[in-house]
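# Fold and geometry: a report
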Amino acid sequence: MASCRACDLRVLTAIVCGLLTTIVLGLGIWMTVLKIQRGKSTSSPSIPVGFCRNGGTWENGRCICPELWKGRRCTIANFCEKSTYENLTFDKIPVGKYGSSQQRCDKDTLNAGNPIATRLCNITIYGEIELQNVTKGNCNETLETLEKQIVNISTQSLNISTEAQILTSDVDRITPEGIISATRVVGQIFNSSRNALPEAKVIAVTTVSQLLDAGEEVFQEAAATASDNDDTFTTLIKQMEIYSTSSGNLSVVKPNVAVESMAFSSESTMESLNVRFSVKKGTSDYLLPGSTAVERDVDKLNPDGETELQILLSTSKSNTTACGFVVYQNNKLFQSKSFKAKSNFSQKVISSSTDKNNSQGASVDIVLKPKYDLKEFQLHSYACVYWNLLTKDWDTDGCHKNGSTDEFLYCHCNHTTNFAVLMSFKKKYKYPESLNTLSSVGCALSITGLALTIIFQIVTRNVRKTSVTWVLVSLCTSMLIFNLLFVFGIENSNKNLKKSNSSTNKPDSGRNEMLMQDTVDIQNPTCTVVAAFLHYFLLVTFTWTGLSAAQLYFLLIRTMKPLPQHFILFISLIGWGVPAVVVVVTVGIIFSQRGSQWELAYRQEEICWLAVSENNSLITSPLLWSFMIPITIILINNIVIFIIIIVKVIWNTNQNLTSTKKVSSLKKILSTLSITVVFGVTWILAYFMLIGNDDIRHIFNYMFCLFNTTQGLQIFILYTVKTKIFQREVSKMLKSLSQSKGRVRLLPSVACLRLRVRMYNMLRSFPALSERFRLLETSVIVEETTFSESDQADSSI
């Protein structure tokens, strides 16, 4: 009878486990098929593939062309073809730029490695592209030696300006010291007291444009090495302002700098002057000839779909004879100490000035069309600022916001100088959807299985070895807490905040407050704490799998040697303490490097988990150093011990030992699976998720999800359900339920007997019926006695 009950229990367990496995496998296959179909049915973009030619990219409703091409689809050439001159060879040169010769100065010259000559690719007034004459440089001249010749600018301005332009034509070779030297040279060329030739100043504008192609890091290092009293950048900015107002009617447009000057006739000096300067957007990120325009006698700003920047200068000073504008494509010359830029969106700077800058009543109105990646960023706020030459930083004094529209930002300032519209952006994070059905079901089953396993291990601890119980309970506890945190805390609550604010896309146009940085992140300390706990408990889980492997190695391989002294205390300190050290050190290092902005350097914004670096480089991310490397070491250790145990213990059949010959293949397979689950071997599937092929990666994604979200359920089945103690206790419980059901079935007959006794006593009270029921009297007494005894017996039970 007992064997039948045990057989029924095994069958019931097998059926339940089979159903659960079938359900989870079915969900995994179904989700994989849906994912692949969804990828195949993704709607194509509104712009067909290949619409932008020659390396152009589609951004904000138009093709952004590389500098060698222009036009609606980047199909119009914007360069001069390869050319040769004497023994010099030049590659393709973009219009408006100088090209460097392939031939370089010899290594025994001061200017070793720099180009020998340059050549300008220009566009005529008729729109024809043509090459200018070749300009050869001096290979024994450097920017440092040119700086020493500043005193000779009055007589050698053209030669010095040409040499500076040649020496800065290869921006990849410009050093921070070279930036400072070149800035000092061209600053003095623009200085009116030096009496440099007009041609030299035009070439100096080209040099400034070339300098602005150098890296932001080079300018930052140059600004850092310069002393506080060094006015190199400030002098150049100021001299370019003066140059723009003292050149008559001049227009110089270079790729990164444009200078526009306008002189007024003496008859109009008594009137109010309104001059509008416009910069039109083009098909590239550079300024092109014809992209700027100056208009006078206008009364307001008038931006249209082609406007990128526009400024209206208003002055009522009677002796104003000229005004000038300078526009810089980026703010590299304006190294701010208060505003930090993290994104690669260039902040344009525009200078507006008159020949009488101290005049009262001069003001400017500015309109700017922000240029940024609409798919990844959203404009959060902006500030109308000017460059304070005294503090060498941006300032808001005298400027205020003048409203904004869907396309443009408006500013007003009551003075003239160098202006900018500083902008801050919010990144549009792609928050993932909630946990899918497979993950939810797997985690729910794991949480239930882990909780039952912990309870079972603790309740039956007296019949088990303490060390084995403690290791398994610790492993299940850490895994249980991790699963609970994963289910209820992995999603960032900012996801809901994003949905509620999705309708408000306009930037803040209220108070004109100085911005500190160009990116804004919504802080979420709760998500950071969850990420830290997930980091900790997953490391704890893997550490305990490693300790479990070490313990089985001692128990199964080194059977003749006892466990080390204080083994439980030692592994407890390792299992719970070492991961805490890793997490604390990781957070401490990131905080020391990033300061108040450390959170998103530690965790992701999309989910509450460890971050990958901003440029998606795994090498510099905390995910690699504080998680992947430790668990890789543990997994390698576990796999080595797993192989040793499988080969030497489980699948080792010794014909001389009866115990090994009787072990069936099914038991060996179950033992192998048991060790596989506890050692976390299935986590090696995570490395296959790095495969580049999307379809293959999706398959491994769901295999990983299937095996690891149900890891707790697997532990419950293999380490609880399969144990004899659990089966014996379940058998007792089923037997008790069966007996209770049997007693319940007897209750109707007992009630019927009680009713018969009461009916008999009632009928005996009638004399006419007394004789008829007399023969029943003995049996009734017997029945009453039997009922009373049985009733007492039941009550005693």
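Everything below is about the structure printed above this text.
Note that this is a predicted model, so its numbers are computed, not measured.

Further remarks concern the overall build of the protein chain. Helix and strand counts for the protein chain come out as 21 helices and 25 strands. The buried share of the protein chain, taken over its 797 residues, is 45%. Here the analysis covers contacts within the protein chain between residues at least 6 apart in sequence; of these, 70% occur between residues at least 24 apart. For the protein chain, the accessible surface area stands at approximately 42,200 Å², while carbon and sulfur atoms represent 58% of it.

So, about the state of the cysteines. Tallied over the entire structure, the rule returns 7 disulfides. Put simply, Cys384 and Cys411 are joined by a disulfide, and their sulfur atoms are 1.8 Å apart. The sign of the -75° torsion about the S-S bond sets the Cys384-Cys411 disulfide as left-handed. Here Cys384, found in strand E20 (residues 377-388), pairs with Cys411, found in strand E23 (residues 409-413); they are 27 residues apart in sequence, far enough to count as distant. Note on Cys411: relative accessible area 2%, which makes it buried.

Secondary-structure assignment places Ile634 in helix H14 (residues 622-650). With relative accessibility at 18%, the residue Ile634 sits in the buried group. The residues contacting Ile634, other than those within four sequence positions of it, are Phe542, Thr543, Thr545 and Gly546.

Attention now moves to the packing of aromatic side chains. Across all of its chains, the model carries 21 aromatic pairs by this definition. The rings of Tyr328, Phe334, Trp387 and Trp394 are connected pair by pair, giving a single aromatic cluster. We note Arg73 situated over the ring of Phe51; from NZ or CZ to the ring centre the distance is 4.8 Å. If you follow Lys401 out to its NZ or CZ, it ends over the ring of Tyr382, 4.7 Å from the centre.

Let's shift gears to empty space enclosed by the protein. As enumerated under the stated definition, the model contains 2 cavities of 30 Å³ or more in all. Put simply, the largest cavity is a space of about 60 Å³. As for the largest cavity, its lining consists of 10 residues, of which Glu67, Asn78, Val95, Tyr286 and Leu288 are closest to the centre. Here the residues of the lining of the largest cavity sort into 6 nonpolar, 2 polar and 2 charged. By volume, the second largest cavity amounts to about 50 Å³. Around the second largest cavity sit Leu309, Lys348, Val349, Ile350, Ile366, Leu368, Phe419, Ala420 and Val421, which together line it. Of all the secondary-structure elements, those providing two or more residues to the lining of the second largest cavity are strand E18 (349-354), strand E19 (363-368) and strand E24 (418-427). For the lining of the second largest cavity, the element with the most residues is E24, which contributes 3 residues. Of the residues in the lining of the second largest cavity, the class split is 8 nonpolar, no polar and 1 charged.

A few words on the packing of helix H11 (residues 525-557) against helix H12 (residues 567-594). When two helices pack together, their arrangement is given by the angle between the helix axes and the distance between those axes. Axis separation between H11 and H12 bottoms out at 9 Å; the angle between their running directions is 150°. Taken together, the axes of H11 and H12 lie roughly antiparallel to each other. The hand of the H11/H12 crossing is right-handed. Residues Ala532, His535, Tyr536, Phe537, Leu539, Val540, Thr543, Trp544, Leu547, Gln551 and Phe554 of H11 form the contact with H12, whose participating residues are Phe567, Ile571, Ser572, Ile574, Gly575, Trp576, Pro579, Ala580, Val582, Val583 and Thr586.

Another point: the sheet that holds strand E11 (residues 129-136). Strand order in the open sheet formed by 3 strands is E9-E10-E11, and the pairing between neighbours is antiparallel. Edge strands, defined here as strands with exactly one partner in the open sheet, are strand E9 (98-100) and E11. Strand-to-strand twist of the sheet, defined as the mean angle between neighbouring strand axes without regard to direction, takes the value 25°. Taken together, the 3 bridges between E9 and strand E10 (residues 117-123) define a ladder with antiparallel strand orientation. Looking at E10, one finds that Tyr98 is bridged to Leu120.

Of all 7 residues in E10, 5 are buried, a share of seventy percent or more. Relative to E11, E10 runs antiparallel, the two being bridged by 6 bridges. Bridge pairing in E11 links Arg119 to Val134. Connecting the antiparallel pair E10 and E11 is a turn made up of 5 residues, with Gly127 showing a positive phi of about 85°.

On to the side chain of Thr207. When you line up the elements, Thr207 lands in helix H5 (residues 198-211). Of the residues examined, Thr207 reaches a relative accessible area of 0% and is grouped as buried. Once residues lying within four places of it in the same chain are set aside, the contact partners of Thr207 are Ser161, Ala164, Gln165, Thr168 and Val186.

Among the surface-exposed residues, Leu452, Ile455 and Val459 lie close enough to one another that they form a single nonpolar patch of about 280 Å² accessible area. Within the secondary structure, Ile455 sits in helix H8 (residues 437-459).

With 14 residues, H5 should cover 20 Å at 1.5 Å per step; its first-to-last C-alpha distance of 20 Å lies within 8% of that length. When we look at burial in H5, the residues that qualify are Ala200, Lys201, Ile203, Ala204, Val205, Thr206, Thr207, Val208, Ser209, Gln210 and Leu211.

Right, let's get into the sheet that holds strand E22 (residues 399-404). Strand order in the open sheet formed by 6 strands is E15-E14-E16-E19-E23-E22, with antiparallel pairing between adjacent strands. Edge positions in the open sheet fall to strand E15 (292-296) and E22, since each of these has one partner strand only. Between one strand axis and the next, the sheet turns by 15° as a mean value, whatever way the strands run. Of the strand pairs in this sheet, strand E14 (residues 273-280) and strand E16 (residues 307-315) are connected by 8 bridges, and their pairing is antiparallel. By the bridge assignment, Lys280 is partnered in E16 with Thr307.

What follows covers unusual backbone geometry. With phi around 60°, Cys74 is a residue other than glycine that occupies positive phi space. A relative accessible area of 0% means that Cys74 is categorised as buried. Positive phi, close to 60°, is recorded for Asp297, a residue that is not glycine. Inspection of the secondary structure assignment puts Asp297 in the loop between E15 and E16.

Below, the discussion takes up the packing of helix H3 (residues 153-167) against helix H4 (residues 176-190). Two elements in contact, H3 and H4, have axes separated by 10 Å at closest approach and are oriented at 135°. In terms of orientation, H3 lies oblique with respect to H4. Taken as a pair, H3 and H4 cross one another with a handedness that is left-handed. Within the contact between the two elements, H3 uses Ile153, Ile160, Ser161 and Ala164 and H4 uses Val185, Gln188 and Ile189.

Moving on, we get to the pairing of E23. Walk down a regular strand and you will see the side chains alternate between the two sheet faces. Among the 5 residues of E23, 5 are classified as buried, and the element is accordingly described as predominantly covered. Residues of E23 alternate between two faces, with Leu409, Cys411 and Cys413 on one and Tyr410 and His412 on the opposite face, all of them buried. Taken together, the 5 bridges between E19 and E23 define a ladder with antiparallel strand orientation. Residue pairing for E23: Ile366 is matched across the bridge by Cys411. As defined by bridge partners, E22 adjoins E23 across 4 bridges and the pair is classed as antiparallel. Residue Cys399 lies in a different strand from E23, and its bridge partner there is Cys413.

Cut-off values and rules
Residues numbered from 1 in each chain as written. Predicted model: local features only at pLDDT ≥ 70, side-chain atom pairs only at ≥ 80, totals over all residues. Heavy atoms only, no water. Helix = DSSP H or I, 4+ residues; strand = E, 2+ residues; numbered from the N terminus. Buried < 20%, exposed > 50% of the residue type's maximum accessible area, 1.4 Å probe, protein only. Contact = heavy atoms within 4.5 Å. Areas by Shrake-Rupley, 256 points an atom, 1.4 Å probe, with all protein chains shown as cover. Disulfide = S-S within 2.5 Å. Phe/Tyr/Trp six-rings, centres within 6.5 Å; stacked < 30°, edge-to-face > 60°. Lys NZ or Arg CZ within 6 Å of the ring centre and 35° of its normal. 1 Å grid on protein atoms, 1.4 Å probe; cavity = no way out; pocket = protein on both sides within 12 Å on 5 of 7 lines; lining within 4 Å. Points joined across faces, edges and corners; volume = space filled by probe spheres on them. Nonpolar A, V, L, I, M, F, W, Y, C, P; charged D, E, K, R; others polar. Axes fitted to C-alpha atoms, helices over the stretch in contact; angles between N-to-C directions. Parallel < 35°, antiparallel > 145°, perpendicular 65-115°, else oblique. Left-handed = near helix turned anticlockwise from the far one by under 90°. Pairing = 2+ DSSP bridges. Patch = residues over 30% accessible without salt bridge, like charges linked within 9 Å, V, L, I, M, F, W, Y side chains within 5 Å. Salt bridge = Lys/Arg side-chain N within 4 Å of Asp/Glu carboxyl O. Expected span 1.5 Å × (residues − 1).

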